[in-house]
Amino acid sequence: MSVVVEGARKEFRARRGARVMALDGVDLEAKPGELLVIVGPSGSGKSTLLRVIAGLEPLDAGRVLIDDRDVTGVPAGRRDVALVFQEAALFPHLGVAANIGIGERARGTRRRDVESRVREVARVLDIEPLLTRMPTELSGGERQRVALARAMIRSPRVCLLDEPLASVDTELRLRMRGEIRAVQRSLGVPMVHVTHDQVEAMAMGDRVAVMAQGRVLQCDIPAEVYARPATTAVARTFGPLPMNLLPAVDGVVTGVRPERVRVNRSGAGRAGTVAAVEPAGEECLVRVDDVLARVPMADAPHPGEQVVVTWRPEDEHHFDAETGARR
Amino acid sequence: MRRWPLAAPYLAGSALLVLVPLGLAAALAFTDYFGFRAPEFTGADNLTRLAADGTFWDAVGISAFVAAVVVPLRLLLAVGAALLLARRRGARTAVGRAAAYLPSVIPDAAWALLWLWILNPLYGPLPALLGVLGVPDPGFLTTPWGARLGLVLVMTFQVGEAFVVALAARLAIPARLHEAIEVEGGSPWFAMTRVTLPLMAPIVLVLAVRDMVVVVQNAFVPTLLVTDGGPANATLTAPLLIYRRAFEYGELGYASTLSVTLLVLTGIAAALPLWLAARLAAHQRART
Amino acid sequence: MIVLSAVFLAPLAVMVLGSLQRPLQPPPNGLDLWPDPVEWTNFATVPRFMPLGRLLLNSLLLVVVAVPVTVVVTSMAGLAIVTARGVLRRWLLGVSVLMLLVPAAALWVPRVVLLRGAGLADTPFTVALLALAGTTPFYVLLFALAYSRIPSALLEAATLEGLSPFAVWRRIALPLVRPAAVAVAALSGLYYWSTFMDPLTLVSSPGNWPVALGLRNLSEMEAALYPIYLAAAVLVTAPALLAFGIAQRSFFSSVERS
């Protein structure tokens, strides 16, 4: 079971006649049993891509294949796709059990059969006590679990998630990342997960696709995207901190990750003044002129101090100043 | 911020033009008053007269009949139009929405004159149309049930206010709820009956109650201008009777008794659907 | 959708067609709606049956006075509903719902008694008094719906800047809900242009009537004269249609979610 998107183009007409390229020639593949994370800033087209795969949005050009079958013209309801919406999209007038079972009811399954399926799924996700509640009585995490249950109940060919953890608090988010992975493994289907959270993308994805302005800039395993970003845009957006990009010299932009920058009181390197120091637990973020560095708290300089920043040559990344592409 | 200064004109105006008059009506209901001499307290005399007033209870029955037939028709039209016209923006939607509101733009009196012609047995296009189609003419202005049918027709189209409220309620449902049904393969019928209508139900209910009041009241204009309460009092509705008592016979005291009675009956009729809805909501909650 | 539009548009079309037919003809055989020849003179004949100029002027004055008052009263009350808490909010909603449920017939007699007592009955402006109560609570709720889409932080910030409730209303809130204001202005304009029941009971001198009430006497005309009374109906309807045509876009956009 796999999902393939080929040459997808989609243009939106915004108000006052302006046109926005939501998808500008996107090629993408989610392999069988794979969790593909699409990451990008808001407006990058990642949610549109998800809606295109689900069949909620028609394409201007290009194809969508699910299990090697062209489903481009197939309506959403016949694609056998499950979609977990941002903010869960639970039906406020229905109880939790009815919310989980509504897909089965929509497809005409008898009520008694639906009830037993609902209990089964609820047991797997450990939400049995919630079944008699109303959506308004649930916390953000509980709502997302119910939404996951609604997606799981049908054993879909593909599972799509649209920022499912955006409204869940930090502690629960860590736990639910694991739960989503577990659900995905038990279903054994490709899962496409859209998020703007870089950390979430790195932590969860078998592979990540970095999107910006309607294009996929890079698609690879997270470690590879982190170690060898394909463009300056990926370097700036992907990772726990944006990469430092130094002014171009002879048409080459040099980049270095803040995690690899060392701040010394003296010695060789770029001399500069400490502009700001931001404590972050064991470590702190230090800005020296235009270079950001992450250093242990014990080594933290003071604002205004004269320091020298250095890094190893092998930690440097080089990009074309013109195109932004990796050299 | 202190909010009451903003609400003051509205509350004062409502008090002067609604609450105080209601109180006054309640007081006048127990008097004989003809406008030129001070009201004379008569105790329960008006109530005794009311109880035996067959014409009034017939009129209440006709009002109730008209409301019972017309309100469901109007809601069907208003909610149906709102559902059809809730889709995307576009020129056709805009024209449709304007068209649905249009009959409500026509002044009631002009609307009544229009139907005075449409229903006319000799010159009216509707009897003529029925003749062409081979349908027997019910005698819209000449027989009791024909006149009531005519009244129903006059009352059915002007649903602008209800249409707009239903449209707002429909547009307030988040699109992703319908998308969720779409992805799950639910039919449009399933989406409408299990999602759209249940979510609109509370508003539709308020509309039903409000529309009942509007229909009972607004039937006044066509009954005055088109049927004049006839033939043989077949369309003599409660407001028309109150109007005649008060302004043609000048019995302001007894007319107040009738007004307050109508108000109380309306209140009871309004409470019924609200009670029903509360029961329904409780039932819905327990279902899978 | 097209069928639906046709159902709603048909009565208006029939009214216009009827107003263009020749009066005082023998009853037609079968259905013949198309006027042949077109009789424009029906419109010129209308003033012979009702004092059209005087009544149009009365209606115009009524609209000019009542509409601004309605907009001011309802837009303030709507803001109060959205921002108020507790008792005041409950009162405002309670009064609004009550007014929606009171049949006007229950208020005819006491209003006449009160206004006659105050010497305010029987003037062209008597009906405009209803604007003090917002004309109908529907408009208050329309404004409340529009205001509820303004981020509350915006109004709170204005209050923290030291603006009075009136200044918040006038300078911040009202300019942000212009479509709703246009909609209420148009709807209340239509209301006062069409008003029939209120002047019928409150205004006894025919010289002070608004134009819609002037149509009343035409209902007693010969059936054969129907093109004349339909022409009068068209004349009274036309300004209302014009106002609706201008305002309908803002009206529907004030209903739509942003």
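Fair warning: this is a prediction, and the values are worked out from it, not measured in the lab.

Draft legend 1. Structural detail: empty space enclosed by the protein. Within this structure, the stated rule accounts for 4 cavities of 30 Å³ or more. Taken as a whole, the largest cavity spans an internal volume of roughly 1,200 Å³. The wall of the largest cavity is formed by 49 residues, among which B:E161, B:R210, B:N218, C:T136 and C:Y191 lie closest to the centre. Residue contributions to the lining of the largest cavity peak at 8 residues, all from helix 10 (residues 188-218) of chain B. Split into classes, the residues belonging to the lining of the largest cavity amount to 33 nonpolar, 9 polar and 7 charged. In this structure, the second largest cavity occupies an estimated 40 Å³ of space. Lining the second largest cavity we find C:A183, C:A186, C:L187, C:L190, C:F244, C:A247, C:Q248 and C:F251. Of all the secondary-structure elements, those providing two or more residues to the lining of the second largest cavity are helix 9 (178-194) and helix 12 (226-255) of chain C.

Draft legend 2. Structural context of the pattern of salt bridges. All chains considered together, the criterion is met by 35 salt bridges over all chains. Close ionic contact of B:E179 with A:R51 constitutes a salt bridge, the shortest N to O distance being 2.7 Å. Of the two residues, B:E179 sits in helix 9 (residues 175-183) while A:R51 sits in helix 1 (residues 46-54), which places them in two different chains. Judged by relative accessible area, B:E179 falls into the buried class, the value being 13%. Note that A:E283 is salt-bridged to A:R294, the shortest N-O span being 3.2 Å. Note that A:E283 is positioned in strand 15 (residues 283-288) and A:R294 in strand 16 (residues 291-296), a separation of 11 residues in sequence. Note on A:R294: relative accessible area 28%, which makes it partly exposed.

Draft legend 3. Expanded view of the packing of aromatic side chains. On inspection of all chains with the given rule, the structure shows 15 aromatic pairs over all chains. When the ring of B:Y101 is compared with that of C:F244, the centres are 5.4 Å apart and the planes differ by 15°; the resulting orientation is stacked. Linking B:Y101 in helix 4 (residues 91-105) with C:F244 in helix 12, this pair reaches from one chain into another. Take B:Y101: its relative accessible area is 7%, and that puts it in the buried class. An aromatic cluster is defined as three or more aromatic residues linked by ring pairs; in this entry it consists of B:F220, B:Y243, B:F247 and C:W108. Across the ring face of B:Y254, the terminal group of B:R49 is positioned such that the distance to the ring centre comes to 3.7 Å.

Draft legend 4. Representation of the interface of chain C and chain B in the model. Each partner contributes residues to the interface: chain C has 90 residues there, and chain B has 88 residues. When the two sides are added together, the surface that chain C and chain B hide from each other amounts to roughly 8,200 Å², 81% of it contributed by carbon and sulfur. Looking only at chain C, the three residues that lose the most surface to chain B are C:M1, C:F8 and C:V109, adding up to 9% of its buried area. In this structure, the connection of chain C to chain B is made through 0 salt bridges. At the junction of chain C with chain B, the criterion picks out 6 residue pairs in polar contact (both at pLDDT 80 or more). In terms of residue count, helix 12 of chain C provides more of the side of chain C that touches chain B than any other element does, 13 residues in total. The class makeup of the residues in the side of chain C that touches chain B is 72 nonpolar, 14 polar and 4 charged.

Draft legend 5. Inspection of the state of the cysteines at higher detail. Residues and elements named next belong to chain A. Applying the stated criterion to the full structure yields 0 disulfides over all chains. No disulfide involves C159; its nearest neighbouring cysteine sulfur is the one of C219, lying 18 Å away. The exposure class of C219 is partly exposed, given its relative accessible area of 28%.

Draft legend 6. How the structure looks around the arrangement of the chains. The highest contact count of any of the 2 pairs of chains in contact belongs to chains B and C. Kept free of each other, chain A and chain C leave a smallest C-alpha distance of 12 Å between them.

Draft legend 7. A look at a nonpolar patch on the surface. Together, C:L57, C:L60, C:L61, C:V64, C:V65 and C:F125 make up a nonpolar patch on the protein surface, roughly 500 Å² of accessible area in all. The exposure class assigned to C:F125 is partly exposed, which follows from its relative accessible area of 34%.

Draft legend 8. Structural context of the UniProt feature "domain: ABC transmembrane type-1" (unreviewed entry) in chain C. According to UniProt, the feature "domain: ABC transmembrane type-1" (unreviewed entry) maps to residues 56-247 of chain C in the numbering used here. Annotation note: span residues 56-247 of chain C, helix share 72%, strand share 0%, distance between end C-alpha atoms 21 Å.

Draft legend 9. Summary view of the sheet that holds strand 7 (residues 158-162) of chain A. All names here are of chain A. Sheet architecture is open: 6 strands sit in the order 6-7-8-3-9-10, paired in mixed fashion. With partners counted over all chains shown, the strands left at the sheet margins are strand 6 (81-84) and strand 10 (215-220), one partner each. Direction aside, the axes of adjacent strands within the sheet are offset by 20° on average. As paired strands, strand 3 (residues 35-39) and strand 8 (residues 191-195) are joined by 5 bridges and run parallel to one another. From the neighbouring strand, L35 faces strand 8, where its bridge partner is M191.

About the cut-offs
Residues numbered from 1 in each chain as written. Chains lettered and ligands numbered in written order. Predicted model: local features only at pLDDT ≥ 70, side-chain atom pairs only at ≥ 80, totals over all residues. Heavy atoms only, no water. 1 Å grid on protein atoms, 1.4 Å probe; cavity = no way out; pocket = protein on both sides within 12 Å on 5 of 7 lines; lining within 4 Å. Points joined across faces, edges and corners; volume = space filled by probe spheres on them. Helix = DSSP H or I, 4+ residues; strand = E, 2+ residues; numbered from the N terminus. Nonpolar A, V, L, I, M, F, W, Y, C, P; charged D, E, K, R; others polar. Salt bridge = Lys/Arg side-chain N within 4 Å of Asp/Glu carboxyl O. Buried < 20%, exposed > 50% of the residue type's maximum accessible area, 1.4 Å probe, protein only. Phe/Tyr/Trp six-rings, centres within 6.5 Å; stacked < 30°, edge-to-face > 60°. Lys NZ or Arg CZ within 6 Å of the ring centre and 35° of its normal. Contact = heavy atoms within 4.5 Å. Buried area = accessible area lost by both parts, 1.4 Å probe. Polar contact = N/O pair within 3.5 Å; in protein donor to acceptor, adjacent residues only side chain to side chain. Disulfide = S-S within 2.5 Å. Patch = residues over 30% accessible without salt bridge, like charges linked within 9 Å, V, L, I, M, F, W, Y side chains within 5 Å. Areas by Shrake-Rupley, 256 points an atom, 1.4 Å probe, with all protein chains shown as cover. UniProt positions renumbered as here; feature names shortened; annotations may be inferred. Pairing = 2+ DSSP bridges. Axes fitted to C-alpha atoms, helices over the stretch in contact; angles between N-to-C directions.

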